Amino acid sequence: MARGPWGVGIPLGRLLLLLLLLSLARGAPRARSQDDFHSDICATCHEHATCSKIGRTSICMCKYGFVGNGRTHCIDKDECQFGASVVCGNHTSCHNTPGGFYCICLEGYRATNNNKTFIPNDGTFCTDIDECEVSSRCRHGGRCVNTRGSYECYCMDGYLPKGGPEPFHPTRDATSCTEIDCGTPPEIPGGYIIGNYTSRLGSQVHYACKEGFFSDSEDTVSSCTAVGTWESLKLNCQEIIIEINEVSVFNNTCVRWQINPGRINSKIEYVIYIKGQRLDPLESGHEETVNLTTESRTPEVCLDLSQGTNYTVNISTAPPRRSVPAVIELQTAGDDLLEDDGIFNISILNEVCLKLNRHSRKVGSEQVYQFKVLGRRRYLNNFYHATLFNFTTREQTAVVCLDLYPATDYTVNVTLLGSPELPSVQTTVTTAPAVKQTISNISIFNETCLRWRSMKTADIEEMYLVHIWGQRWYQKGFAQEMIFNITASSQTPETCLDLSPGTNYSVSIQALSSELPVVISLTTQITEPPLPEVDFFTVHGGPLPRLRLKKATEKNGPIGSYQVLVLPLALQSTFACDSEEAASFFSKASEASGYVTAELLAKDIPDDAMEMSIGDRLYYGKYYNAPLKTGHDYCIILRITSEWDEVRRSTCAVWAHVKGSSLPLLLPQMVGVGLGSMAVVIVLAFLSFSAV
């Protein structure tokens, strides 16, 4: 028995057998083949080269992206040396890498394959990013204009730039757009402003000349201009001089005259000054002033004159009107006076004044008349205005002015008291709507409700005409108009309007007893967009189907974007849809709190629908659509966001539940397992043989 070097005894026969097996395993020496020479040459190739056999010759060639002899050196080829615009295209930067290169779009541009980097051999190029797709990019009152690689901001119509240049960039300039306000309109001597007005761009102020003035110019409108000032007017209101002609006397004590037509279309107030001297010099004289207001071109007035008296009557207009006075002289008869016969009549002097004419020739007799006044408005069922009073007079012609409401139909019944027959006369009077404004201090509360102050008498019912116009800048075809009446007895009426969200409104309110409406503008805030229409499904460990995204209607405000969010399934119950935090997949908190995997602008969504896959490794907006991690449970959420006038609203819907996501075993892992198993078998066999 022979002993080994470690002192272990091995039988000589077994030792010889082992040596024989080893010799057989090595094999007998053989001649070097052509393949051996090929292997020797390939062993000398550079690490960035490949060995190729061409016929009976083997050569080393540098790999793509490297240059050299293939054996001693292979140097990286700089593909970017010819310039980014040549290699990658316009608006790019070129980045060389060992054996290759990649392209990146410059700021303000994005790759058409929606990836951050690209190689132009697939047709990808850099296209301009329209930054103006983001609402409120240029702040309040600003208008965004896209440029190549950037954007500029201008102030919208009705706004002026302040604090900086125009155009401006909100991240660089302090420019703000302020709404144009022209302030108080200019005053016109002898003129006045008709109705209400605002001082915003495009607003108009209408002028008219005051009573007693006229203008040859028809330029009666001034507009608020884009530079914040009112347009100048050529309106020149001049005073009118009224000519009083053809004065005559009738019925002994009545006077009539004519005026030139001129430019006067309204009522004129006259002053009639009477001075009388009795025929008997021992008796005192008679001096009196009478006022008369009428719109007649041939006015007339019956005077209460004494019998047997010489009178001088001076007729002129009351200020501010001007006239050339007219003078006439008359003499009253001195006949004996008869007894009072109780006959009288009523005539309308003006809108609120009546003239009571007694037929009695008995001067100085006192009579009492009872006035019953009842007013109704045809558009109000519960409106009544009734008054009852007595009027005592000694005059043959008396004027009684009534306290009447505007826009009302009145019946006036006058009865002579103290007479056995109780004679009475009835007449009707209709008052015109008020010329002055009867609504003031209009205000908005609770966004869609209006409250105002009515200058009418307390507890008197009034009807208001409400006219509403609504428009949306983001929906050209949207138009809303409503007309209705409301009735109120309060002096501070209020009404709440049924308005649509996200809309600009103009509201006109007019009391039917007035000629002038009040106009106010209001804007309703946006509300949550409609819930996303999704087909919910649950996936257990299998592949995700393609998600179908349907476009929502903009009935509650302009829709800006659609976002797809990936959340851990356990966080679904605590997720806040209106949270503005939007982590990307690459943020540190994405695994624990979820992330936005895709963002699509509303304008990029087709009218019918579009489909997308979760985890397709593309960029949607600025968010990377990463594959889901294996072995995790996820909740896929679709969020729709509206944003307008610094208000943001969102709605969410759960799109899918993904439970126990998994991936198939990869080929390198399978090969590694197989080789490991073979190694274990060989070792076990050797140990078994050695132990024999």
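Rules used throughout
- Residues numbered from 1 in each chain as written.
- Predicted model: local features only at pLDDT ≥ 70, side-chain atom pairs only at ≥ 80, totals over all residues.
- Heavy atoms only, no water.
- UniProt positions renumbered as here; feature names shortened; annotations may be inferred.
- Helix = DSSP H or I, 4+ residues; strand = E, 2+ residues; numbered from the N terminus.
- Core = buried A, V, L, I, M, F, W, Y, C linked by side-chain atoms within 4.5 Å.
- Buried < 20%, exposed > 50% of the residue type's maximum accessible area, 1.4 Å probe, protein only.
- Contact = heavy atoms within 4.5 Å.
- Polar contact = N/O pair within 3.5 Å; in protein donor to acceptor, adjacent residues only side chain to side chain.

- Looking at an unreviewed UniProt entry, one finds the protein named Sushi domain-containing protein 1 isoform X3 and attributed to Odocoileus virginianus.
- We quote the UniProt Subcellular location (unreviewed entry) comment for the protein here in full: "Membrane".

Overview of the UniProt feature "domain: EGF-like" (unreviewed entry) in the protein
Reasoning step 1: Under the UniProt annotation, "domain: EGF-like" (unreviewed entry) lies at residues 76-115 and 128-165.
Reasoning step 2: For residues 128-165, helix accounts for 0% and strand for 45%, while the C-alpha atoms at its two ends are 25 Å apart.

As for the nonpolar core
Reasoning step 1: Among the nonpolar cores identified, the biggest contains 26 residues, and Leu549, Tyr562, Val564 and Ile636 are the most heavily contacted of them.
Reasoning step 2: Counting residues per element, the ones that place at least two in this core are strand E43 (537-540), strand E44 (547-549), strand E45 (559-568), strand E46 (595-601), strand E47 (610-612), strand E50 (634-644) and strand E51 (647-659).
Reasoning step 3: Sequence-distant contacts of Val564, that is, excluding residues within four places in its chain, are made with Tyr595, Val596, Thr597, Ala598, Met612, Ile614, Ile636, Ile637, Leu638 and Trp655.
Reasoning step 4: Core analysis: the second largest hydrophobic core is formed by 24 residues, Ile244, Val255, Ile259 and Val290 among them.

Concerning the side chain of Thr641
Reasoning step 1: Following the sequence through the fold, Thr641 ends up in strand E50.
Reasoning step 2: A residue is classified by how much of its surface remains accessible, and Thr641, at 3% relative accessible area, is buried.
Reasoning step 3: Within polar-contact distance, the side chain of Thr641 engages the side chain of Ser650 at 3.2 Å.

Remarks on the environment of Leu512
Reasoning step 1: Along the chain, Leu512 falls in the loop between strand E41 (504-511) and strand E42 (518-523).
Reasoning step 2: Taking relative accessible area as the criterion, Leu512 reaches 25% and is therefore assigned partly exposed.
Reasoning step 3: A C-alpha to C-alpha distance of 7.3 Å links Leu512 and Pro433, two positions 79 residues apart in sequence.
Reasoning step 4: Apart from the residues lying within four places of it in its own chain, the contact partners of Leu512 are Tyr379, Ala407, Glu462, Met463 and Leu465.

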